[in-house]
Amino acid sequence: MACNKEFFEEMEARIPRGGVRTRFAPSPTGYMHVGNLRTALYTWLIARSHGGTFILRIEDTDQNRLVEGATDVIYKTLRECGLDHDEGPDVGGPVGPYIQTERRGLYQKYAELLVEKGAAYRCFCGKADEEEVAVAEGVTIHQHHCGCSQLSREEIEAHLAAGDPFVIRQMIPREGRTVFHDVSFGDISVNNADLDDQVLLKSDGLPTYNFANVVDDHLMGITHVVRGSEYLSSAPKYNLLYQAFGWEIPTYVHCSPVMRDAHNKMSKRHGDPSYEDLVAQGYLTPAILNYVALLGWAPKGELAEQEIFSLPELVKAFDISGISKSPAIFDIAKLDYFNATYLRALPAEEFAAAAEPYIRRSVKNPALNSSEIAALLQARCEKLTEIPEKVDFFDTLPDYDVSLYTNKKSKTDAAVSLEMLRQSEAALERISAWTPDAIHDTLIGLAEQLGVKNATLMWPVRIAVSGRLVTPGGAVELCHILGKEETLRRLRAGIKLLG
C-alpha cells in the first residue's frame, strides 16, 4: 500500500498546473468526419485563445474497432488544417505516454484504488443481467443488476483464488442526485438511481472509454473537455468518479451534433462526406475549417455579422460562450459559397498552383499554359473539381450543334455567324505577334469596320474555338491560349460546319 501511495503521489506531482490545457482524443477507427474535425478545431481554439496547451491523445482501447492507417489519417488531417499539438505521441510531453494502450498499467492501479475506496467493485457474473429502465420520454438505458457489489471479502478471495474472470464496475450510489454543469447546456441534475454501474475495467485489463478518459484527463491536467452531446448522459458518472478520487472536475463543453437535415445526423453510411472526402471534392482546407467553425458556434459583439475568418482570426474571436446547444445543419451549398470566396481571394499564383492538377486532368497538351487557363477560372468556379469539365475543350474541340451560333442578344444566327467567322479568320491570320492586345484590337476593329456590335462578332468566334455555350473567358482569351494555328483551324472547322 505504501508503494501504491508513492505511485499516486508521483503521478499527481507530474500533472502540469496553471493555464488552460485541452485535448483532442480521437479513436483510430477510420476517417475524420466533420464532427471530429469540429471537436478538434474547438479544442485547439480554446487552447490557443487562452495561450494554453493543446494535447493529442490516441484512445485505442476499443481494439475491435481499430482501423489500420487511421492514426496516420488523424496526424495528416491535423497537420493539413494547421491544428498543431504541443504534446502527443509523436512529440512527447511531460505526462506521456499519449496512447491509451501504452498506459494500460495505470488504469489497473486507479481501478483498484476505487475498489479500496468503496466506489467500485469486482463483478464476477460475466454477462450480467440487465433490464431496460426508462429515464425520460422515449429514452431507456440498460441497468446492470447483480449481487457482486455485496460479496463478502471471503467470497471475493474465493473467486480470485479460482481464477474467475471479472470486470471492475463503478459503484453508483442509489440515493440522491448528481448535478453537473456544462458551458452550453447549463446545470443538469440526474437521479443517481437512474445511473448504471458501468464497467470501468474489462476482464482483459483494458479500460472502457468512460473510465480511461477520466483518469487521463486528470493526469494530463486537462482543464476543458470538449466532446459530443451524446456524452451528456455519461457526465454524471464522470462526476462521481472525479468526486470518488477527490479530483477537480474540468469545464465541460458538450457540442450538439452536426446534422444532415432536421432529423438525421451526418453519417458515412449515408454518404455524408468526411474531411478527406471534402478535400477530394475540391474544397480548400481553410474554407472547410471556416465553415466547420460556424457549425454550432457564432462570434459575438462587433464580429457577430462576420462570416469569413482565417485561423488566426478565429483564435482572436473564439469564445466558448458562443457555442450553441442547438444542432447544426450541414449545408453543402453554404460550403460552396465559402469555398468560392476563398478561391477568389487566393493570390493568382497560389490559385494557379492549386488548379493545375485539375486542369491537367483534361488539358494534356503541354503547349497550353495552365497558368493562363487558371486565370480564366479563378472567378468562375466554386470547387476545384469543377475545373476539368470546364476546360476540356482546350485539348479537343468537342462536337457541337450549329444551333449554338444562334443568340438573340448577340443578334446572331447561322448565316450571320458564317460571315463573322469568314471575316475573323482572314483578319486573325494577318496578325504577326499573337498577343491578347493584338487579338482584341483586331476583332474590335473588324466589328467596327463591318458595322456590327462587338458581341455579334465575338459570339460566333467563341463558339467556334470552344464548341461550348458557356466558357471560362471570352473569345480573345480563348484564342490567345489556343495559339494562332489552332484558333484558325477551329475557325475554319466552324466555317465548314455552317457552310
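Only a predicted model underlies this, so the values are computations on that prediction, with no experimental measurement involved.

Peer 1: Would you mind going over the sheet that holds strand 9 (residues 199-201) in detail, with residue names and values included?
Peer 2: The three strands lie next to each other as 3-6-9, forming an open sheet whose pairing is antiparallel. Each edge of the open sheet is held by one strand with a lone partner, namely strand 3 (120-123) and strand 9. Strand-to-strand, the axes of this sheet are offset by a mean angle of 45°, without reference to chain direction.

Peer 1: Any details on helix 4 (residues 104-117)? Residues and values, ideally.
Peer 2: Note: α-helices contain 3.6 residues per turn, so residues at a spacing of three or four share the same orientation. Between the first and last C-alpha of helix 4 there are 21 Å, a value that for 14 residues agrees with the 20 Å anticipated at 1.5 Å per step. Those residues of helix 4 that fall on the buried side of the exposure criterion are Leu106, Tyr107, Tyr110, Ala111, Leu113, Leu114 and Val115.

Peer 1: Please provide a residue-by-residue account of the nonpolar core, values included.
Peer 2: Grouped together as the largest cluster of nonpolar side chains are 54 residues, with contacts concentrated most on Phe351, Ile373, Ile387 and Phe394. Per element, the largest residue contribution to this core is seven residues, and it comes from helix 17 (residues 454-466). Beyond its immediate sequence surroundings of up to four residues, isoleucine 387 is in contact with Phe351, Ala355, Tyr358, Ile359, Leu377 and Cys381. Counting 48 residues, the second largest nonpolar core, distinct from the first, contains Trp44, Ile58, Ile99 and Tyr275.

Peer 1: Before we move on, could you go through the pattern of salt bridges and cite the residues and values that matter?
Peer 2: Under the defined criterion, the tally for this structure stands at 18 salt bridges. Measuring nitrogen to oxygen at the nearest pair gives 2.9 Å for the salt bridge that ties aspartate 217 to arginine 23. In this pair, aspartate 217 sits in helix 6 (residues 209-219) while arginine 23 sits in strand 1 (residues 21-24), placing the two residues 194 residues apart along the sequence. Both residues of the pair, aspartate 217 and arginine 23, count as buried. We note a salt bridge from glutamate 112 to arginine 122, for which the minimum N-O separation is 2.6 Å.

Peer 1: Any chance you could break down the state of the cysteines for me, citing the residues and the numbers?
Peer 2: In this structure the tally under the stated criterion is zero disulfides. Cysteine 148 carries a free sulfur, and the closest cysteine sulfur to it, the one in cysteine 146, is 3.7 Å from it.

Basis of the calculations
Residues numbered from 1 in each chain as written. Predicted model: local features only at pLDDT ≥ 70, side-chain atom pairs only at ≥ 80, totals over all residues. Heavy atoms only, no water. Pairing = 2+ DSSP bridges. Helix = DSSP H or I, 4+ residues; strand = E, 2+ residues; numbered from the N terminus. Axes fitted to C-alpha atoms, helices over the stretch in contact; angles between N-to-C directions. Expected span 1.5 Å × (residues − 1). Buried < 20%, exposed > 50% of the residue type's maximum accessible area, 1.4 Å probe, protein only. Core = buried A, V, L, I, M, F, W, Y, C linked by side-chain atoms within 4.5 Å. Contact = heavy atoms within 4.5 Å. Salt bridge = Lys/Arg side-chain N within 4 Å of Asp/Glu carboxyl O. Disulfide = S-S within 2.5 Å.

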